[in-house]
Amino acid sequence: MKDDSVFHLIVGVCRAHYKRTHDLLSALDLYRGQPPLLHLLWEEEGRTQKELGEELNSEPGTIAKMVSRMQQRGFVAKEVDEEDRRVSRIYLTDRGKQIRQKVIEIENEIEEICLRGFTAEERALLRRFLLAIRENLTE
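Residues numbered from 1 in each chain as written. Predicted model: local features only at pLDDT ≥ 70, side-chain atom pairs only at ≥ 80, totals over all residues. Heavy atoms only, no water.

**Examining the overall build of the chain**
Here's step 1: A tally of regular secondary structure across the chain gives seven helices and three strands.
Here's step 2: The order of α-helices and β-strands along the chain, N terminus first, is α-α-β-α-α-β-β-α-α-α.
Here's step 3: Its C-alpha atoms give the chain principal-axis dimensions of roughly 55 × 35 × 30 Å.
Here's step 4: Within the chain, contacts between residues at least 6 apart in sequence are counted, and of these 53% link residues at least 24 apart.
Here's step 5: Total accessible area computed for the chain in this model is approximately 10,300 Å², and 50% of it derives from carbon and sulfur atoms. (Helix = DSSP H or I, 4+ residues; strand = E, 2+ residues; numbered from the N terminus. Contact = heavy atoms within 4.5 Å. Areas by Shrake-Rupley, 256 points an atom, 1.4 Å probe, with all protein chains shown as cover.)

Encoded structure:
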């Protein structure tokens, strides 16, 4: 039996989005959750893991694991803060800088796939609805 409740539709959309995004990003050796961290570093390098976690609304352990994986794959490097040696700052490597355009292209491709067949009005309305849903869920 097919359930078309909003709950099940959102779950289905999230799963399909996850799979398509995973398939495209894996060609770049990235996981689905890593581009938001890259975007923060493209804006401003040298952030701490704590700052990244706060910006991404993620637990410290999640950020530590993500940074470690990205470091192993050569996208980021950790450097000890010279003023406070207990703190590590995260910087992009050349590979992390060079992948920017490809990540943006994949994000644009996913958006176009998701919104295929939608009018500009429908796209704006969907965006408004999604923002409202996110707001409701994060209150």
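So much for the structure itself; the text now carries on.
**Re the nonpolar core**
Nonpolar side chains in soluble globular proteins tend to end up buried together.
Here's step 1: Membership of the largest hydrophobic core comes to 21 residues, with the highest contact counts inside it found for Leu 30, Val 76 and Ile 99.
Here's step 2: Breaking this core down by element, the ones donating at least two residues are α2 (34-43), α4 (60-72), β3 (88-92) and α6 (100-114).
Here's step 3: Of the residues forming this core, the biggest block, five residues, is contributed by α2.
Here's step 4: When residues no more than four places from it in sequence are discounted, the contact partners of Ile 99 are Leu 28, Leu 30, Leu 38, Trp 42 and Phe 75. (Core = buried A, V, L, I, M, F, W, Y, C linked by side-chain atoms within 4.5 Å. Buried < 20%, exposed > 50% of the residue type's maximum accessible area, 1.4 Å probe, protein only.)

**Observations concerning the pairing of β3**
Here's step 1: Where strand β1 (residues 47-48) meets β3, two bridges bridge the pair, whose relative direction is antiparallel. By the bridge assignment for β3, Arg 47 is matched with Ile 90.
Here's step 2: Alignment of strand β2 (residues 76-80) against β3, held across five bridges, turns out to be antiparallel. Bridging from a neighbouring strand, Val 80 pairs with Ser 88 of β3. (Pairing = 2+ DSSP bridges.)

**Section: the side chain of Asp 81**
Here's step 1: You can see Asp 81 is positioned in the loop between β2 and β3.
Here's step 2: Discounting residues that sit within four places of it in the chain, Asp 81 has contacts with Val 87 and Arg 89.

**A look at the pattern of salt bridges**
Here's step 1: A complete count under the given rule lists 10 salt bridges for this structure.
Here's step 2: Linking Asp 29 and Arg 73 is a salt bridge whose minimum nitrogen-to-oxygen distance equals 3.2 Å. Placement of Asp 29 in the loop between α1 (6-26) and α2 and of Arg 73 in the loop between α4 and β2 is noted, with a sequence separation of 44 residues between them.
Here's step 3: The class for Arg 73 is partly exposed, based on a relative accessible area of 23%.
Here's step 4: Here Asp 84 and Arg 86 are joined by a salt bridge, their closest N and O atoms 3.0 Å apart.
Here's step 5: Here the salt bridges share partners, and the residues they tie into one network are Asp 29, Arg 73 and Arg 95. (Salt bridge = Lys/Arg side-chain N within 4 Å of Asp/Glu carboxyl O.)

**Focus on α6**
Here's step 1: Over its 15 residues, α6 extends 21 Å from the first C-alpha to the last, a length consistent with the 21 Å expected when each residue adds 1.5 Å.
Here's step 2: Taken together, the buried positions of α6 are occupied by Val 103, Ile 106 and Ile 110. Down the axis, α6 shows its buried residues gathered within 60° of arc, on one side only.
Here's step 3: Against the buried residues of α6 lie α1 and α2. (Expected span 1.5 Å × (residues − 1). Arc of directions from axis to C-beta.)

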